[in-house]
Amino acid sequence: MIWGQYRACCRSESKMKIRTFLILCFASVAFADDFKAIDGKEYKNVTVSRVEPDGIVLKSSSGISKVYFTELPKAVQERFHYDAANAAAYSSEQAAGQMALQNQQAELRRKLAEENNKYWTGQEPPDQQNKLPAPAAAVTGRGQQVEVISHGAQVDINKHLALGNVTVVDFYADWCPACKWLSPHLEQMASSDPEIAVRKIDIVNWKTAVARQYHIGSIPQVNVYNRGGRLVGTVVGGDVDKIKSYVAQAKTSG
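Now for a quick tour of the structure.

A few words on the overall build of the protein chain. Helix and strand content of the protein chain: seven helices and ten strands. Expressed as a percentage of contacts within the protein chain between residues at least 6 apart in sequence, the contacts between residues at least 24 apart total 61%. Of the roughly 15100 Å² of accessible surface on the protein chain, 56% is carried by carbon and sulfur atoms.

Put into structure tokens, the structure is as follows:
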């Protein structure tokens, strides 16, 4: 009887220790904190929304950023149990997955181009031609009012600018709450003003080709280009008023 009570007590104590450990782990992720990178860059009043093998994803009022463990002091690395070997394996896996995605997208674009070419050159049978949707109507001078121009792959923004109008380029990701909040505001700007076009770039994750190409460290990020294609300003975070201010400036600066 006494031995059974002793074992029950030990199990209860063990469970309590596990619960305490889990609470402490989640607390380290959930509470606001400050971080300072080894290059001196500071991240104040942020929460760790996700811990990945190669870094931590920080969430603040202005958006989401990922900071790699190699950019952080050893104390922070130890706090989040950083392991260089695991990080390297994770990075390789992410790169392989992104390469496969880019190949898939390239093949899809190739097939679409072939189908469009057959359609416009009259090589497609009449019954197939009737099934193809009519080309979307575009506002003169700006093309589509809203267009996604990349899903992680490198892209030349200059080739997608609506010259003669103002172009708003939105760097975003589907998993970013601030991006989801901002997106309707940008689309409403484009739909209500024929002088504005929105081009969207889905970074997918922090290590994609397009994220590295444009050195994206926080999202949402919005670039505003004037009528002549010159960058007027960049807004990191969901500051709609600041974006509108740059748009107004872009309308008169080129």
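To continue, consider the pattern of salt bridges. Summed over all chains, the structure comprises eleven salt bridges. Here Glu 52 makes a salt bridge to Lys 66, at a shortest N to O gap of 2.3 Å. Here Lys 66 lies in strand E4 (residues 63-68) and Glu 52 lies in strand E2 (residues 42-52), a separation of 14 residues in the sequence. Residue class for Glu 52 comes out buried when judged on its relative accessible area of 12%. One connected set of salt bridges, linked through shared partners, spans Arg 50, Glu 52, Asp 54, Lys 66 and Lys 207.

Mapped onto the elements, Lys 251 comes out in helix H7 (residues 240-253). On a C-alpha basis, the gap between Lys 251 and Ile 196 in space is 9.1 Å, while along the polypeptide they are 55 residues apart.

Think of an α-helix as 3.6 residues a turn; residues three or four steps apart then line up on the same face. Compared with an ideal rise of 1.5 Å per residue, which puts 14 residues at 20 Å, H7 spans 20 Å between its outermost C-alpha atoms and is within 8% of the ideal. Packing partners of the buried residues in H7 comprise strand E6 (166-172), helix H5 (177-192), strand E7 (196-202), strand E9 (221-225) and strand E10 (231-236).

Here the focus is the environment of Leu 182. Position of Leu 182 relative to the elements: it lies in helix H5. On the basis of relative accessibility, which here comes to 1%, the residue Leu 182 falls in the buried class. Spatially, the C-alpha atom of Leu 182 lies 9.3 Å from that of Asp 170, the residues being twelve residues apart in sequence.

When you line up the elements, Ser 218 lands in strand E8 (residues 218-219). Using a relative accessible area of 19% as the deciding quantity, one classes Ser 218 as buried. Each residue touching Ser 218, except ones within four places of it in the same chain, is listed here: Ile 64, Ser 65, Trp 206 and Val 236.

Attention now moves to the sheet that holds E2. Read from one edge of the open sheet, five strands run E1-E2-E3-E4-E8, paired in antiparallel fashion. Whereas interior strands pair on both sides, the edge strands pair on one side only; in this sheet they are strand E1 (33-36) and E8.

Another aspect to go through is the packing of H5 against H7. Two numbers describe how H5 lies on H7: the axes approach to 11 Å, and their chain directions differ by 30 degrees. Taken together, the axes of H5 and H7 are roughly parallel relative to one another. Crossing angle aside, the handedness with which H5 passes H7 is right-handed. Where H5 approaches H7, its residues Trp 181, Leu 182, His 185, Leu 186 and Met 189 are matched on the opposing element by Val 240, Ile 243, Lys 244 and Val 247. Across the contact of H5 with H7, the residue classes break down as seven nonpolar, one polar and one charged.

So, about the sheet that holds E9. Reading across from one edge, E5-E7-E6-E9-E10 is the order of the five strands in this open sheet, with mixed pairing throughout. Each edge of the open sheet carries a strand with a single partner, namely strand E5 (146-151) and E10. Adjacent strand axes in the sheet meet at a mean angle of 20 degrees when their direction is disregarded. Strand direction decides the pairing type here: E6 and E7, joined by seven bridges, are parallel. Paired with Tyr 172 across the two strands is Asp 202, which belongs to E7.

Reading the values: the criteria
- Residues numbered from 1 in each chain as written.
- Predicted model: local features only at pLDDT ≥ 70, side-chain atom pairs only at ≥ 80, totals over all residues.
- Heavy atoms only, no water.
- Helix = DSSP H or I, 4+ residues; strand = E, 2+ residues; numbered from the N terminus.
- Contact = heavy atoms within 4.5 Å.
- Areas by Shrake-Rupley, 256 points an atom, 1.4 Å probe, with all protein chains shown as cover.
- Salt bridge = Lys/Arg side-chain N within 4 Å of Asp/Glu carboxyl O.
- Buried < 20%, exposed > 50% of the residue type's maximum accessible area, 1.4 Å probe, protein only.
- Expected span 1.5 Å × (residues − 1).
- Pairing = 2+ DSSP bridges.
- Axes fitted to C-alpha atoms, helices over the stretch in contact; angles between N-to-C directions.
- Parallel < 35°, antiparallel > 145°, perpendicular 65-115°, else oblique.
- Left-handed = near helix turned anticlockwise from the far one by under 90°.
- Nonpolar A, V, L, I, M, F, W, Y, C, P; charged D, E, K, R; others polar.

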